[in-house]
Structures are given as C-alpha cells and as structure tokens.
Amino acid sequence: MTLKKAVDIIDFTIKRKLEIREGFIDPTKSWNRGDPNISVVSTELGRILSEDVEILKLIRSQMIPKCKHPKKMRDYDGNGWYCMNCNWDL
C-alpha cells in the first residue's frame, strides 16, 4: 500500500467518524430526546469520536511527506508515477 492510499483511507475514516459524531450530538434525533441519561451517553459518544478524529489527524499529518518530488526522483512503475524519495503516488 502506498502512502497516498493510506492517507486516503484515513481521510475517509475521519469523514465517516465526523458524520457519526454529528448524528450522536444532534438534539433532533430520537435517541437525544426524552431520558436525560441517553442524551448524556450520546453526547459522550460524540466526544469520544471527536478524540478519535483528532488522533487520526495527527497520524495523517505524520504520514504526509514534506518531499517536493523532484523530477530526478520520479519513476513510472507501469501503473502510474511515484516519487522514489518518499513513495508518494503522483
């Protein structure tokens, strides 16, 4: 798996966790109305998902190379171009 594919998977996971978090903290949803204990649990789950997103963002920031992909370091592997310096798909 190339770095770009791994970053794409992390981006998708972040997006999905944010959608789920919005569902948990939305006060118009049925599980957020009525019993206050359910609302507290739902809010806590939303907070936990927010922390997961922050962790994924930190991992993503460490994975993205700071490489400028110089032309002399580019290579074609039959499927596409990539940087031999950082292994990033171009």
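Presented here is a report on the structure given in the accompanying data block. Since this is a predicted model, take the numbers as computed values, not measurements.

**Remarks on the overall build of the protein**
For the protein, the helix and strand inventory stands at two helices and two strands. If one aligns the C-alpha atoms of the protein with their principal axes, the spans along those axes are about 65 × 20 × 15 Å. Classification of the 90 residues of the protein by burial places 21% in the buried group. Approximately 6,600 Å² of the protein is accessible, and the part contributed by carbon and sulfur atoms is 59%. Seen as two clouds, the 16 positive and the 13 negative side-chain charges of the protein have centres 7 Å apart.

**Focus: the pattern of salt bridges**
In the structure shown here, the tally under the stated rule is six salt bridges. Residues D52 and K17 are paired through a salt bridge, measuring 3.3 Å at the closest nitrogen-oxygen approach. One end of the pair, D52, is in helix α2 (residues 36–63); the other, K17, is in helix α1 (residues 3–25), and 35 residues separate them in sequence. A salt bridge links R47 to E51; the shortest N-O distance between them is 2.2 Å. Linking R47 with E51, this pair stays in helix α2, spanning four residues, or about one helical turn. For R47, a relative accessible area of 39% gives the class partly exposed.

**Side note on the nonpolar core**
V7, C67, C83, C86 and W88 together form the largest nonpolar core, which totals five residues. Once residues lying within four places of it in the same chain are set aside, the contact partners of W88 are L3, K4, V7, I64, P65, H69, W81, Y82 and C83.

**A closer look at α1**
Residues spaced three or four apart along an α-helix face the same direction, because each turn holds 3.6 residues. Over its 23 residues, α1 runs 33 Å from end to end, which matches the ideal 33 Å to within 8%, given 1.5 Å per residue. For α1, the complete set of buried residues consists of A6, V7, I10, I14, R21 and G23.

**Quick look at the layout of surface pockets**
The space that makes up the largest pocket amounts to roughly 170 Å³. Among the residues forming the lining of the largest pocket, the class breakdown is three nonpolar, four polar and three charged.

**Considering the environment of D75**
Relative to the helices and strands, D75 resides in strand β1 (residues 74–76). D75 sits in the partly exposed class, given a relative accessible area of 30%. As for D75 and G46, which are separated by 29 residues in sequence, their C-alpha atoms are 44 Å apart. Not counting chain neighbours up to four residues away, the residues in contact with D75 comprise G80, W81, Y82 and M84.

About the thresholds
- Residues numbered from 1 in each chain as written.
- Predicted model: local features only at pLDDT ≥ 70, side-chain atom pairs only at ≥ 80, totals over all residues.
- Heavy atoms only, no water.
- Helix = DSSP H or I, 4+ residues; strand = E, 2+ residues; numbered from the N terminus.
- Buried < 20%, exposed > 50% of the residue type's maximum accessible area, 1.4 Å probe, protein only.
- Areas by Shrake-Rupley, 256 points an atom, 1.4 Å probe, with all protein chains shown as cover.
- Lys, Arg positive; Asp, Glu negative; His and termini not counted.
- Charge placed at Lys NZ, Arg CZ, Asp CG, Glu CD.
- Salt bridge = Lys/Arg side-chain N within 4 Å of Asp/Glu carboxyl O.
- Core = buried A, V, L, I, M, F, W, Y, C linked by side-chain atoms within 4.5 Å.
- Contact = heavy atoms within 4.5 Å.
- Expected span 1.5 Å × (residues − 1).
- 1 Å grid on protein atoms, 1.4 Å probe; cavity = no way out; pocket = protein on both sides within 12 Å on 5 of 7 lines; lining within 4 Å.
- Points joined across faces, edges and corners; volume = space filled by probe spheres on them.
- Nonpolar A, V, L, I, M, F, W, Y, C, P; charged D, E, K, R; others polar.

No statement about biological role is implied by the geometric values presented.
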